[in-house]
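Tertiary structure, described
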Amino acid sequence: MQPGGPGIPQCNARSPSLFTINTWLVCSLLANIFVAIIFPFCKRVPLRYQMKVKVIARNPDDYVRETKLDIQRVPRNYDPSLHPFEVSREYTRALNATKLERVFAKPFVASLDGHRDGVNCMAKHAKSLSTLLSGSCDGELKVWNLSKHECVRTLQAHEGFVRGMVVRYCGTSFFTVGDDKTIKQWKMESPGYGEEEEPINTILGKTVYTGLDHHQNDPVFATCGQQVDIWDEQRSSPIRSFTWGVDSFSSVHFNPVETELLASCASDRSIVLYDMRESTPLKKVIMTMRSNTLSWNPMEAYYFTCANEDYNLYTYDMRYLAKPIMVHMDHVSAVLDVDYAPTGKEFVSASFDKTIRIFAKDGGHSREVYHTKRMQHVICIKWSADNKYILSGSDEMNIRLWKANAAEKLGVLAPREREAANYSQKLKEKFQHHPQIRRIARHRHLPKTIYHQTKELRVMKEARRRKEKNVRKHSKPGSVPVVSEKEKHVVTVVK
Amino acid sequence: MFIFFQKSDPFPGPAPIPEDRLQKFKRKDKLKKPHRKQHKLRDIIARSEDASEMAQKQAARFDLLLPEEAGFLEGDEDEDTCMISQEDIAEAVDITSGAKYFNLKLSQFGPYRLDYSKTGRHLLLGGRRGHVACIDWASKQLMCEINVMESVNDVKWLHTEAMYAVAQKKWLYIYDSNGIELHCIRKFNDVLRMQFLPYHFLLATASATSFLQYLDVSVGKEVAAICTKTGRLDVMCQNPHNAIIHLGHANGTVTLWSPNQKEALVKMLCHQGGVRSVAVDKTGTYMVTSGMDKKLKVYDVRTFKPLKSYFLPAGAACLSLSQRGLLSAATGDVVQVYKDVCSMPVTKPYMAHRLRGTVWGLHFCPFEDVLGVGHGDGFTSMLVPGAGEPNFDGLDANPYRSAKQRQEWEVKALMEKIQPDLISLDPTELAQVDQATWEQRHQDRVEVLGFDPLAKEKFVPKYKKKGRSSAGAIERRKKQVAHEEQRDVIRKSVEDKMKMEKERKERERKKAALSTQKSALDRFKK
């Protein structure tokens, strides 16, 4: 401490004293008054101290916009002490975002009307996003323009059900199979004026064909009925046939990544894998109940998901068929169709219980359910190739167009809108486990039948679980092995 | 063949960021990695930590682009900064900054309390005898001036410069910035002090009848009325970091309150006499209190431990902490400003100023190097170089915002209004995994109900027909279940015992491995 003059007491060693400053002040002020009194006629020279001083001085030109046509200037400082309550504010924003998502969740876009019997199968156009083909149970085939929601072409493809259809990879023609044991190839463009609808090619078979799929790059397609046949487009008889002691196959699908691989669902509750280059099937997995159809993950070459009759979907790794990767449970009736999103992260399933459910690829339960009073049993489903829409064909002759993301705003978004949407999405993900937010995000309105059916199934499952636990408790330890839920549904794998 | 001379980059890689700047933006420490088998969880945690680190680094890099720098005052070698008078400083700086030092001579209506709005542009003055005025102090434009014809205890801006609250003799009044009385809230009576919690839109009032009341100004409802039972509440301040209200009492204690609890969260004995003033810094780390025992104490408010204690010849009646950590203390009619009082031991003030009347209110202006002093002779605005935060955030509090920007900000702030339930001592509680709550709640329920609702019900055997429910049969069935439960209990106790044995053996083994003493019996140990 610097002594300021004579007679000023020294400070205490124990606690620093500040009263000396007051005396300095008093002295300096007294000095001023003294000078003023003694020399009233002189111009008082103020005490000047040498100092370096800087005070915050902002130039308003740097902070206010120049003209009305400019945007406002917003200087930023990310110092956390200027932004307190980070977590609480983010939580409140996440809560608002979740609530708004529920407010804006209006997934139904349009209904395509026109079929005169239930829609049995659909096919995505390989090259055009706005074209959809659909076949109905009376053999009629319609080509739709999705942007205008109207049918551009109708033709009578088969007598009886149209069992399967697929568009060729080039997009210029498409194939259909039907109950009249024929495979027909049609041109994609409508016939000119005065011309009749004629298939380019017709192949007559001996048995009913139930499914059809085309190779990704080669002029090869596969059908299934009583056996799985591989056809070359130029030939009228299959180049290879696979059988494995099963009397009927319900569907066949080519792997979109490993293009030589096929999978089919058979009526002996099994899924059979084939390699087109081999002469015999690769292996098969037998489950507890029959699969209706399956879909390959377009991003991961070895995963496929099958839609089963026991209300579940199973995702398998093609290499380890002994145990499914995931069991997806949420439907309350048989699952009829499944399709993956082009990103490979999600898939959609159509079920006999009049609902559509969207699952994450590794999620045990659905993230979204779509239903309408007017929509009856949903037979076929497709996820559009731009990842935005879901198309469902159902029993009551309608094809419905839904949004894949129910609360998404369609159309071109301004950059700020897009950023705000991304930010809200990230916030919702960050706080998704908090109880209030989870409760709001999970809440869906279900039709009464489905709600009660879900509860009933839960009670049944609980009872079964309790019984198993009791049996294990009262038996010799180790005699009743613990079987995980995933393993429960697989009977065996046959090579 | 050409041989190209590769000029190697003398500074490879991204520019290094100084450690202290990175520390400023650091949030939490890294989490302990979960078990190796939990692949998905490890992946998610690793990704989110990477993203968080990148964000912190980017924010630290952005620090370089901040336009303004803080003020400072340095005297020459043998001169103290506290001898430099306000007039000298005002002359030495440029004319606009010099105009920030001014006096308002208002000796008629009693000592003045003051409040600066959150952006720092608007000043609200309330004289004890009823004079209330709001001014845009930088441009010296008077927004409104009224006399409420009653004694005024405290004045406070609400969330914008459009409304303010005045605690008058009997009740609480809300006025518009044009001086129009909007509300007279009779539920809030005898209010002595007020604090506004900006992110919660809560006005906390401390009354002479020892009630602490919270008013939600966005919906106009009283959120909580807490009877503190501690006497007249005259000393109040808020902790800007976690929105907790600090009250000082005549018995030397400082109590911490949140609207969710009827009792104080914390009670600290700070002074031997009454507490005269409390102030908390903006990061919520330090609390400065001054008491009747002429002491000025600095506490760490997170651990509630005293850090420093200074002796003042006359206790400080008013305290205020600036955004950059400068402390202003007013004793009588002298205001002293201290620098870095929390971190380093201080021996002399940074600046000092004498006023014409007793100091009644003290407030640093948010983003300016200005200290506003309300005293018996009116109002004085002092220049304190280095007090204000030089760089404001345009999205939070922007002194240069237009009317449109203010409206947009108001709507966004209202949407992000934090519910009062979230006010607690640790504002990051929501971000932590909550393991203990369920167990705690369960225990509470058991205590309240007197029994455990989740405990298994006593087995009541089903009444069977056709003579199968004879006494003997029922007893047999009961015995089966009783044996079951006994077996469970025995199995569990055996398992626990085995686990404890194993742990004990582990511990002994470790101890033996560490200890170097060898005894003759060591050879017999297994």
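Residues numbered from 1 in each chain as written. Chains lettered and ligands numbered in written order. Predicted model: local features only at pLDDT ≥ 70, side-chain atom pairs only at ≥ 80, totals over all residues. Heavy atoms only, no water.

Where we set the bar: UniProt positions are given in the numbering used here, feature names are shortened, and annotations may be inferred rather than shown by experiment.
Where an unreviewed UniProt entry is consulted, chain B appears under the name WD repeat-containing protein 46, with the organism given as Haplochromis burtoni. If you open the UniProt record of chain B and go to Subunit (unreviewed entry), you find "Part of the small subunit (SSU) processome, composed of more than 70 proteins and the RNA chaperone small nucleolar RNA (snoRNA) U3. Interacts with DDX21, NCL, NOP2 and EBNA1BP2."

Going by what an unreviewed UniProt entry lists, chain A is known as DDB1- and CUL4-associated factor 13 and is assigned to Haplochromis burtoni. Of chain A, the UniProt comment under Sequence similarities (unreviewed entry) reads exactly: "Belongs to the WD repeat DCAF13/WDSOF1 family."

Some remarks on the UniProt feature "repeat: WD" (unreviewed entry) in chain B
Heads up, the condition is: Segments assigned H or I by DSSP are reported as helices when at least four residues long, segments assigned E as strands when at least two residues long, and all are numbered from the N terminus.
Per the UniProt record, the feature "repeat: WD" (unreviewed entry) sits at residues 268–309 of chain B. Measuring from the first to the last C-alpha atom of residues 268–309 of chain B gives 15 Å, for a span that is 0% helix and 60% strand.

Examining the state of the cysteines
As used in these notes, a disulfide is a covalent bond between sulfur atoms, one from each of two cysteines. Our working definition: Here, two cysteine sulfur atoms that lie within 2.5 Å of each other are counted as a disulfide.
For the structure on display, the rule yields zero disulfides over all chains. C237(B) supplies the cysteine sulfur nearest to C318(B), a cysteine that is in no disulfide, at a spacing of 13 Å.

Observations regarding the domain arrangement of chain A
All names here are of chain A. What counts, and what does not: As annotated, the domain borders come from an automatic or database domain assignment. The contact rule is simple, with two residues in contact once any of their heavy atoms fall within 4.5 Å. Summed over both partners, the accessible area lost on bringing two parts together, with a 1.4 Å probe, is the buried area. For this analysis, a salt bridge means a side-chain nitrogen from Lys or Arg found within 4 Å of a carboxyl oxygen belonging to Asp or Glu.
Domain boundaries in chain A define domain 1 (109–406) and domain 2 (417–463). Contacts between the two partners involve eleven residues from domain 1, matched on the other side by nine residues from domain 2. Around 770 Å² of area is buried between domain 1 and domain 2 when both sides are counted, 64% of it from carbon and sulfur atoms. Taken as a group, V332, V369 and H371 account for 52% of the area that domain 1 buries against domain 2, more than any other trio of residues on that side. For the pair domain 1 and domain 2, the number of links is one salt bridge. E368 is the salt-bridge partner of R444, the closest N and O atoms lying 2.7 Å from each other.

Notes on the interface of chain A and chain B
What counts is decided by this rule: Pairing of N or O atoms within 3.5 Å defines a polar contact, subject to two protein rules: one partner must be a possible hydrogen donor and the other a possible acceptor, and residues neighboring in sequence count only if both atoms are side-chain atoms. Only Asp, Glu, Lys and Arg are considered charged in this grouping, and only Ala, Val, Leu, Ile, Met, Phe, Trp, Tyr, Cys and Pro are considered nonpolar; every other residue, Gly among them, is considered polar. Pairs of strands are assigned from DSSP output, requiring at least two bridges between the strands.
Residue-level contacts link 54 residues of chain A with 83 residues of chain B. In this assembly, chain A packs against chain B so that about 6,400 Å² is buried in total across both faces, 59% of it on carbon and sulfur atoms. Between the two partners, chain A and chain B, sit ten salt bridges. E86(A) is the salt-bridge partner of R27(B), the closest N and O atoms lying 2.4 Å from each other. Viewed at the interface, chain B and chain A are joined by 19 residue pairs in polar contact (both at pLDDT 80 or more). Its residues placed into classes, the side of chain A that touches chain B shows 27 nonpolar, 15 polar and twelve charged. As paired strands, strand β1 (residues 51–54) of chain A and strand β1 (residues 72–75) of chain B are joined by four bridges and run antiparallel to one another.

Things to note about the packing of aromatic side chains
This is how the line gets drawn: Side-chain rings of Phe, Tyr and Trp, where Trp is taken by its six-membered ring, are said to pair if the distance between their centres is within 6.5 Å; with planes under 30 degrees apart they count as stacked, over 60 as edge-to-face, and otherwise as tilted. Think of it as a cone above the ring: NZ of Lys or CZ of Arg counts as a charge over the ring if it is within 6 Å of the ring centre and within 35 degrees of the ring normal.
Using the criterion set out here, one finds 23 aromatic pairs over all chains in the structure. Three or more aromatic residues link up through ring pairs in this structure, and these residues are Y63(A), F367(B), F392(B) and Y400(B). The ring of Y302(A) carries R319(A) above its face, with NZ or CZ at 3.9 Å from the centroid. Over the face of the ring belonging to W409(B) we find R401(B), whose NZ or CZ atom lies 4.8 Å from the ring centre.

Digging into the side chain of Q86(B)
Here Q86(B) shows up in helix α3 (residues 86–92). Contacts of Q86(B), omitting those with residues within four sequence positions, involve Y101(B), M351(B), H353(B), M382(B) and L383(B).

As for the pattern of salt bridges
Definition in use: Three labels apply to residues, based on accessible area from a 1.4 Å probe with only protein chains included: buried if under 20% of the type maximum, exposed if over 50%, partly exposed otherwise in between.
Within this structure, the stated rule accounts for 59 salt bridges over all chains. The salt bridge partner of E475(B) is K478(B), with a shortest N-O separation of 3.9 Å. Here E475(B) and its partner K478(B) are both found in helix α7 (residues 471–514), three residues apart, which amounts to about one turn of the helix. E475(B) sits in the partly exposed class, given a relative accessible area of 46%. Using a relative accessible area of 36% as the deciding quantity, one classes K478(B) as partly exposed. Here the salt bridges do not stand alone but share partners, grouping R89(A), R93(A), K118(B), D396(B) and E416(B) into one network.

Points about the UniProt feature "domain: BING4 C-terminal" (unreviewed entry) in chain B
Mapped onto the present numbering, the UniProt feature "domain: BING4 C-terminal" (unreviewed entry) falls on residues 349–427 of chain B. Structurally, residues 349–427 of chain B comprises 16% helix and 28% strand, and the distance from its first C-alpha atom to its last is 34 Å.

Quick look at the sheet that holds strand β30 (residues 490–494) of chain A
Residues and elements named next belong to chain A. As a reminder of what qualifies: Here an angle of 0 to 180 degrees is reported between the N-to-C directions of two axes, which are lines fitted to C-alpha atoms, with helices fitted over the stretch in contact.
Here five strands make up an open sheet; going across it, the order is β15-β16-β17-β18-β30 and the pairing antiparallel. Of all strands in the sheet, those bounded by a partner on one side alone are β15 (249–254) and β30. Adjacent strand axes in the sheet meet at a mean angle of 15° when their direction is disregarded. Where strand β18 (residues 283–287) meets β30, four bridges bridge the pair, whose relative direction is antiparallel. Residue pairing across strands places M287 opposite V490, the latter belonging to β30.

Quick word on the nonpolar core
One recurring pattern in soluble globular proteins is that nonpolar side chains are buried together. Heads up, the rule is: Among buried residues, those of type Ala, Val, Leu, Ile, Met, Phe, Trp, Tyr and Cys that are joined through side-chain atoms within 4.5 Å constitute a nonpolar core.
V335(B), L371(B) and V384(B) are the most contacted members of the largest nonpolar core, which totals 37 residues. If you list the elements that add at least two residues to this core, you get β1 of chain A together with α3, β3 (112–116), β4 (122–127), β25 (334–338), β27 (359–364), β28 (370–375) and β29 (378–383) of chain B. Dropping the residues within four chain positions of it, V384(B) is found in contact with L326(B), V337(B), Y350(B), M351(B), F364(B), D369(B) and L371(B).

Looking at the confidence of the model for chain A
Residue and element names in this part refer to chain A. Rules: Along the chain, pLDDT gives the predictor's confidence residue by residue, from 0 to 100.
Predicted confidence across chain A gives a mean pLDDT of 89, with 90% of residues reaching 70 or more. Confidence drops under a pLDDT of 50 for residues 1–25, and excluding neighbours within four residues, the segment shows 38 contacts in the predicted structure. Every residue in residues 31–46 is under pLDDT 50, and counting partners more than four places away or in other chains gives four contacts.

Focus on the pairing of strand β9 (residues 182–187) of chain A
Residues and elements named next belong to chain A. In terms of burial, β9 is a largely internal element, five of the six residues being buried. Of the pairings in the sheet, the one linking strand β8 (residues 173–178) to β9 comprises five bridges and is antiparallel in character. Across the sheet, residue S173 finds its bridge partner in β9, namely K187. Pairing of β9 with strand β10 (residues 201–204), which is carried by four bridges, proceeds in the antiparallel orientation. Paired with I183 across the bridge in β10 is I203.

Comments concerning the side chain of E140(A)
Residues and elements named next belong to chain A. Within the element layout of this structure, E140 appears in strand β5 (residues 140–145). For E140, a relative accessible area of 5% translates into the label buried. There is a polar contact of 2.9 Å between the side chain of E140 and the side chain of R116. Filtering out sequence-adjacent residues up to four positions away, E140 remains in contact with H115, R116, S134, G135, T154, L155, Q156 and V162.

Quick word on the sheet that holds β4(B)
Two strands in a sheet stick together by hydrogen bonds in their backbones, pointing the same way (parallel) or opposite ways (antiparallel). Residues and elements named next belong to chain B. Pairing in this open sheet of four strands is antiparallel, and the strands run β3-β4-β5-β6 from one edge to the other. Of all the strands in the sheet, the pair left with one neighbour each is β3 and β6 (141–147). Averaged over all pairs of adjacent strands, the angle between their axes in this sheet comes to 15°, without regard to strand direction. The pairing of strand β5 (residues 131–136) with β6 spans six bridges and is antiparallel. Paired with H131 across the two strands is N147, which belongs to β6.

A few points about helix α2 (residues 39–62) of chain B
Residue and element names in this part refer to chain B. To be explicit about the condition: The span one expects for a helix is its residue count, reduced by one, times 1.5 Å.
Over its 24 residues, α2 extends 35 Å from the first C-alpha to the last, a length consistent with the 34 Å expected when each residue adds 1.5 Å. Within the span of α2, buried status applies to I45, E49, Q56, A59 and A60. Next to the buried residues of α2 lie α1 (19–25).

A short note on the packing of helix α3 (residues 86–103) of chain A against helix α4 (residues 415–430) of chain A
Residue and element names in this part refer to chain A. Going by this rule: In this scheme, roughly parallel covers angles under 35 degrees and roughly antiparallel covers those over 145, while 65 to 115 is roughly perpendicular and the rest are oblique.
At a minimum axis separation of 9 Å, α3 and α4 run at an interaxial angle of 105°. What the angle tells us is that α3 and α4 run roughly perpendicular. Here E90, R93, A94, A97, T98 and E101 of α3 come into contact with α4, specifically with Y423, S424, L427, K428 and K430. Classifying every residue of the contact of α3 with α4 gives four nonpolar, two polar and five charged.

Re the packing of α3(A) against helix α5 (residues 435–442) of chain A
Geometrically, a packed helix pair is captured by the angle between its two axes and the distance between the axes. Residues and elements named next belong to chain A. Convention followed: In this scheme, a crossing is called left-handed if the near helix is turned counterclockwise away from the far one by less than a right angle; it is called right-handed if the turn is clockwise.
Running from amino to carboxyl end, α3 crosses α5 at an angle of 10°, the nearest separation of the two axes being 9 Å. It follows that α3 is roughly parallel to α5 by the angle criterion. Of the two elements, α3 crosses α5, and the hand of that crossing is left-handed. Across the interface between the two elements, Y91, A94, L95, T98, K99 and R102 from α3 touch Q436, I437, I440 and A441 from α5.

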